[in-house]
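Here are the chains, one letter per residue:
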Amino acid sequence: MSASPSYSVVGKQVQVYTTAANTQLRLAATDKLTFQAQGQPLETQPTVFVDPNHSFQTMIGIGGALTDAAAETFAKLPKAQQQELLQAYYSPTQGIGYTLARTSIHSNDFSSAPYTYVADGDKELKTFSLQHDEQYRLPFIKQVQTAAGGKLTMYVSPWSPPAWMKDTKNMLQGGQLLPEYRQSWANYFVKFIQAYEKAGVPIWGLTVQNEPMAKQTWESCLFTAEQERDFVKGYLGPTLQKAGMGTKKLIGWDHNRDLMYQRATTLFDDPEASKYYWGLGYHWYETWTGSGMQFDNLRRVHETYPNKHLIFTEGCIEKFQFSNINDWKLGEQYGHSMINDFNAGTEAWTDWNILLDETGGPNHVGNFCYAPLIGDTKTGKLLYTNIYYYIGHFSKFIRPGAKRIATAASRDVLQTTAFQNPDGSVAVVVMNQTEKEQPFHLWIKGQAAQTSSRPHSIMTLLVK
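Residues numbered from 1 in each chain as written. Predicted model: local features only at pLDDT ≥ 70, side-chain atom pairs only at ≥ 80, totals over all residues. Heavy atoms only, no water.

Attention shifts here to the sheet that holds strand S20 (residues 447-453). Read from one edge of the open sheet, 10 strands run S2-S1-S21-S18-S17-S16-S4-S19-S20-S3, paired in mixed fashion. Both edges of this open sheet fall to strand S2 (28-34) and strand S3 (36-37), since each of them pairs with a single strand only. Sheet topology note: the strand S16 (residues 403-409)/strand S17 (residues 415-420) ladder contains three bridges and is antiparallel. Pairing of Arg 404 across the sheet is with Phe 419, part of S17. Its contacts with the sheet put helix H10 (residues 329-343) on strand S4 (47-58), S16, S17 and strand S18 (426-432), and the angle it makes with S17 is roughly 55°. Set on the sheet, helix H11 (residues 386-395) makes contact with strand S1 (13-20), S17, S18 and strand S21 (457-463); between it and S21 the angle comes to about 20°. (Pairing = 2+ DSSP bridges. Helix = DSSP H or I, 4+ residues; strand = E, 2+ residues; numbered from the N terminus. Contact = heavy atoms within 4.5 Å. Axes fitted to C-alpha atoms, helices over the stretch in contact; angles between N-to-C directions.)

On to empty space enclosed by the protein, then. Throughout the structure, instances matching the rule amount to one cavity of 30 Å³ or more. One number sums up the size of the largest cavity: a volume of about 30 Å³. Met 59, Gly 61, Ile 62, Gly 97, Thr 99, Ser 395, Ile 398, Arg 399 and Pro 400 are the residues that line the largest cavity. Here the lining of the largest cavity is built from residues that sort into four nonpolar, four polar and one charged. (1 Å grid on protein atoms, 1.4 Å probe; cavity = no way out; pocket = protein on both sides within 12 Å on 5 of 7 lines; lining within 4 Å. Points joined across faces, edges and corners; volume = space filled by probe spheres on them. Nonpolar A, V, L, I, M, F, W, Y, C, P; charged D, E, K, R; others polar.)

With that settled, consider the layout of surface pockets. Its volume calculated, the largest pocket comes out at about 300 Å³. In this structure, the largest pocket is lined by 18 residues; those nearest its centre are Glu 211, Gln 216, Trp 218, Tyr 285 and Glu 318. For the lining of the largest pocket, the per-class residue count stands at nine nonpolar, five polar and four charged.

Bringing the packing of helix H6 (residues 225-242) against helix H7 (residues 260-268) into the picture now. Look at H6 against H7: their axes get within 9 Å of each other, and the N-to-C directions meet at 35°. Note on packing geometry: the crossing formed by H6 with H7 is right-handed. Between H6 and H7, the residues in contact are Ala 225, Glu 226, Glu 228 and Arg 229 and Gln 262, Arg 263, Thr 266 and Leu 267, respectively. Here the contact of H6 with H7 is composed, by residue class, of two nonpolar, two polar and four charged. (Left-handed = near helix turned anticlockwise from the far one by under 90°.)

Let's shift gears to the side chain of Glu 219. Here Glu 219 is to be found in the loop between strand S8 (205-207) and H6. One buried charged residue, Glu 219, remains without a salt bridge, the closest side chain of opposite sign being Lys 166 at 8.9 Å. Of note is the side chain of Glu 219, whose polar atom sits 2.9 Å from the side chain of His 364. Setting aside residues up to four positions removed in sequence, Glu 219 forms contacts with Ser 107, Asn 108, Asp 109, Pro 114, Trp 159, Ser 160, Met 171, Leu 172 and His 364. (Buried < 20%, exposed > 50% of the residue type's maximum accessible area, 1.4 Å probe, protein only. Lys, Arg positive; Asp, Glu negative; His and termini not counted. Salt bridge = Lys/Arg side-chain N within 4 Å of Asp/Glu carboxyl O. Polar contact = N/O pair within 3.5 Å; in protein donor to acceptor, adjacent residues only side chain to side chain.)

A word on the environment of His 336. Among the secondary structure elements, His 336 is positioned in helix H10. For the pair His 336 and Met 431, spaced 95 residues apart in the sequence, the C-alpha separation amounts to 7.9 Å. Those residues within four positions of His 336 in sequence are excluded, and the remaining contacts are Phe 295, Gln 415, Met 431 and Gln 433.

Here we take up the sheet that holds strand S15 (residues 381-384). Pairing is mixed in the open sheet, where three strands are placed in the order S13-S14-S15. Here the strands that pair on one side only, and so sit at the sheet edges, are strand S13 (355-357) and S15. On average, each strand axis in the sheet is tilted by 30° relative to the strand beside it, whichever way the strands run. The pairing of S13 with strand S14 (residues 373-376) spans three bridges and is classified as parallel. Among the inter-strand pairings, Leu 356 is bridged to a residue of S14, identified as Ile 374. Strands S13, S14 and S15 of the sheet are contacted by helix H2 (residues 79-90), whose axis makes an angle of about 25° with S15.

The next thing to look at is the packing of aromatic side chains. Counted by the stated rule, this structure contains 38 aromatic pairs. Relative to Tyr 98, the ring of Tyr 89 lies with its centre 4.8 Å away and its plane at 35°, an arrangement referred to as tilted. Taken individually, Tyr 89 and Tyr 98 each receive the classification buried, so the pair is uniform in this respect. Plain terms: the ring middles of Phe 268 and Tyr 305 are 5.3 Å apart, the flat faces sit at 75° to each other, and that makes the pair edge-to-face. (Phe/Tyr/Trp six-rings, centres within 6.5 Å; stacked < 30°, edge-to-face > 60°.)

Okay, the state of the cysteines next. On inspection of all chains with the given rule, the structure shows zero disulfides. For Cys 369, which is in no disulfide, the shortest distance to another cysteine sulfur is to Cys 316 and amounts to 3.6 Å. Judged by its relative accessible area of 2%, Cys 369 is buried. (Disulfide = S-S within 2.5 Å.)

Function cannot be read off these values alone, since they describe shape.
What follows is the structure, encoded as structure tokens:
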């Protein structure tokens, strides 16, 4: 936490942008508010307090995953809809200004079939080739890079080593990396990053293993906390260093919030392993157990290891049904997670597939999911779910380099987070998941502006 120079809203205006259920409002400029002097607020006056004099983590970026499924669906859309998608996501003015991306090291469930980049048994990786990705994925990523103005913070994740490197001889259904292939697998990461960078895609970071505690019907591989620690300490960390990749951000865990504290202690309490780790990545699927989202576990990690970084690496809503793409709860799950994740210290936030087709795929094991934009390959139309707008309330107005600032609401109906951008503007996000309208004051340093939060809405109040 640090205090920034004294901030004043005197003479500033607030532009309000709103997305609300049962209205036509979608990231719509709805009101301009002015501040008036207001002393001590009363308990009877619902208030959102914002304090730019106390700042916290710096925003790296917000974005989504550029998967095989997204790339293949994109290729099937008419040119006009392709351009529309690129602008909708990556233009900071016409769209929602994505700046972050994740992609996979060979296949995952959102590929049309399993594949790797080497011939079976090639321990020396002499046959390594990106030929598979040259058809859809790389051309798609190149178009995204251009649409993002040449600046895209990209990190990469493996779902499984090649089958022959594992005890099960299968990329799917879990299994483990055989000890004799630990060096080959570490070399594979380096080969992949070198090949992508040679193809013109700079890589900012990498995760050690997607969902290392889940035996999935798709590409998966199990690593206990100790196994991950030892693989990084003995193989992946030193291999990255030797290849001149010591500045790449190495991200541990990359799985749900439920077990993340135990993973953090194992990885970070070992100085020899910890020195290689930039931080911890996490997902939101701990809800599969019937639990709510466990934001307190994020806070525990953040307060215990304040020098390590937190990045949300994946979230989506599962069990896709085309008839349900207008369900308002879809976006609300995102808003609830993003507000709480940022308030717990998260510095970057990554949605899963940026685009899927009308089946919620392609997916080679039938694990169909929702995406903010659905490309209907039958009609050629691009369909917007409210997830797109909910994420946009953050990504469009909270830019890379923004610092989170203190915010607190006097009513639990009003979920809120706030950031101050590098240009000095302050973006306050306020979300209401209830059926009731909630009037409130936005209160900053003795000045207040009056407004109201609609039922089932999210609003961004931009102060400048």
